Each structure stands twice: as structure tokens, then as C-alpha cells.
Amino acid sequence: MTIQPLTPNVPHRAYWMPDLEWGRALWHAHTPYCYARWCEEYDDVMGIGGYVKHGDSALLDLLYIHPDETGRGYGTALLHDLLAHADSEGIATVVAHVPPALVPWLQRHGFAPHGETLRCTGGRFLQATLDEVEPMEPQHLLGVLHLDRRATGEDRRTWLMEHSYLGSVYNERGRIRGFVLPLLRDALIVADAPEVGLELQRWVFPVQEHLLIPATNSAALQHLHERGYISTVDTVRLVRGTVPDYKGELVYGFA
């Protein structure tokens, strides 16, 4: 077994990866602020892993093992490599969002659970009506970054700026009270109050059937349940190292 830097040709050889993970692996291979690796055995791709660096924190964003090769240590070897490199870069916090079944495994590697994310789908949304929502422009960026850091406790500016195309903001007389980045995974929505976050959700539902919501955002979940949406556990949030000041009540759509 050898672990090597992920290059763009490797995901094409991982025929067993789902389309979503394949595209994410390719993005990691092309993105300079990611650290991505792959595990090789007898010229075959056994696993691919990577993290997104956000200043002094990181998102463990990719860890996928050949489904016929689980339990043989490939995932553990990849994870050890990723975490060792994160430590060498002085990264104090590593965040992961994984299915509940993977929680015990990550706990054995120093992660601790910090809440669930729910998938909400199947209801009927209200139409967006407020004029305060407008296309994101360069002059809105500082407000967007400040609000995201307030919600997550992390400096994710590079990631957000890359995915700002087609973004919208809730601009109340020059004050950015919320934003939505519809092209950042399952759509990222951050807002400082329920009336703002719920309005921004209505800009996503016409083109997307679901949203991911932190279980601690009771205002969003209550409204969606009243509209007939059903929520199920999608992932568990885990943290290794310094725990950021995460405020899930400000997150109305999780990327």
C-alpha cells in the first residue's frame, strides 16, 4: 500500500466512486487550498481522501474507500496521513460531517461529536417576496465573510469566494443580514434572524428539493415542518482539536 498526492487523472480510475464523490475528488485535485491523497495497491485506487484548508482550521471533506475493500486499513491509513499533514500545517481544528455509522470510527481518531445535521425534504415552500434580497456584488463581500465567521467560528473566505457566483444577499439599508450561495454543495444559507434565513431559503427551493439544516436551528425546522417538510438525520458534525464557536441557529442551509 502506498499513499500519494491526488492528481486529476486518479479520480477517472476510481470507477467505483459515486458521481458526487467523483466530482468532489476532481475538485480537490485541482484546488490549491486543498490537501488530497489517494491510496494505491497493485496499481488500483483503493481510496481517496482530502481536506479543505480554512486558515487555521480544516474541513475533512473527502474520505471514500473502494466499497469492496473496506475493513482492510485503507481508510485508516488515509486518515492518518491527512491528520498528520494538518498537524504539520498548524491546523488547530478539523471538522467533519459524516453519516452516523462512521462516528465511532472517527471518535477513535480523536474526533468528538457536536450535533446533527438534518435533511429536510418533501414539503411546499412559500414564494420569495422581499425586495431586500439582491444579487451578491463585490461590495457585499466583507459583510458576507463577517456573517459566516460569526456563524461558524472559522475563516472560510477562500472557499466562499470561489463559490460566490449566483450568490444573493439580504441587504437591509446597506447592512448584510444574510446570504445564500446556491452553488456551494447543497446550498449555504447564513442569516442573523429567522425572517431573513427563511426568506433566503425560498430562493433555493424552486430549484432544489431539499435543504440541510443544523438540528439546533429550531426556528428553521419548525417552519419547514409546518410546511410539510420531513427531516431525517443526514450527518453528524465532529470536531478534532479546538472546538470553534459554531452557532447552528444562524445556519439555514448547510453546504
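The residue count restarts for each chain, going from 1 along the sequence in the order it is written. Note on the predicted model: pLDDT of at least 70 is required for a residue's local features to be given, and 80 or more for side-chain atom pairs to be given and counted; whole-chain, interface and lining totals, by contrast, use all residues. Note that the side-chain values use all heavy atoms of the structure and ignore hydrogens as well as water.

## Concerning helix α5 (residues 141–152)
Inference 1: Taking 1.5 Å per residue as the helical rise, α5 with its 12 residues ought to reach 16 Å, and the 16 Å between its terminal C-alpha atoms agrees with that figure.
Inference 2: Residues V144, L145, L147, D148, A151 and T152 constitute the buried set of α5. Relative to the axis of α5, the buried residues are bounded by an arc of 165° and lie together on one face. Residues of α5 that are exposed and point more than 90 degrees away from the buried face comprise L142 and H146.
Inference 3: On its buried side, α5 packs onto α6 (157–162), β8 (168–172), β9 (175–181), β10 (188–191) and β13 (251–253).
Inference 4: Helix and strand definitions here come from DSSP, where helices need a minimum of 4 consecutive H or I residues and strands a minimum of 2 consecutive E residues; each element is numbered from the N-terminal end. With its phi angle positive at about 75°, G153 sits one or two positions after the end of α5. Expected helix span is taken as 1.5 Å per residue step, with the number of steps being one fewer than the number of residues. When a residue's accessible area, from a 1.4 Å probe over protein chains only, is under 20% of the maximum for its type it is buried; when over 50% it is exposed; and in between it is partly exposed. This arc corresponds to the set of directions leading from the helix axis out to the C-beta atoms. Whether two residues touch is decided by their heavy atoms; if any such pair falls within 4.5 Å, the residues are in contact.

## Brief notes about the pattern of salt bridges
Inference 1: Salt bridges are defined by distance alone: a side-chain nitrogen of Lys or Arg within 4 Å of a carboxyl oxygen of Asp or Glu. For the structure shown, the criterion picks out 15 salt bridges.
Inference 2: For D155, the salt bridge identified is with R157, shortest N-O distance 2.9 Å.
Inference 3: What makes R157 partly exposed here is its relative accessible area of 42%.
Inference 4: With a closest N to O distance of 3.2 Å, R177 and E172 form a salt bridge.
Inference 5: Of the residues examined, R177 reaches a relative accessible area of 9% and is grouped as buried.

## Brief notes about the sheet that holds β8
Inference 1: We call two strands paired when DSSP finds no fewer than two bridges between them. Strand order in the open sheet formed by five strands is β7-β8-β9-β10-β13, and the pairing between neighbours is antiparallel. At either end of the open sheet lies a strand with only one pairing partner, and these are β7 (133–135) and β13. Pairs of neighbouring strands in the sheet enclose a mean axial angle of 30°, with direction left out of account.
Inference 2: Alignment of β7 against β8, held across three bridges, turns out to be antiparallel. Of the residues in β8, the one forming a bridge with E134 is V169.
Inference 3: Between N-to-C directions, angles cover 0 to 180 degrees, with each direction set by a line fitted to C-alpha atoms, over the stretch in contact for helices. In this fold α5 packs onto β8, β9, β10 and β13, with an angle of close to 80° to the strand it touches most, β9.

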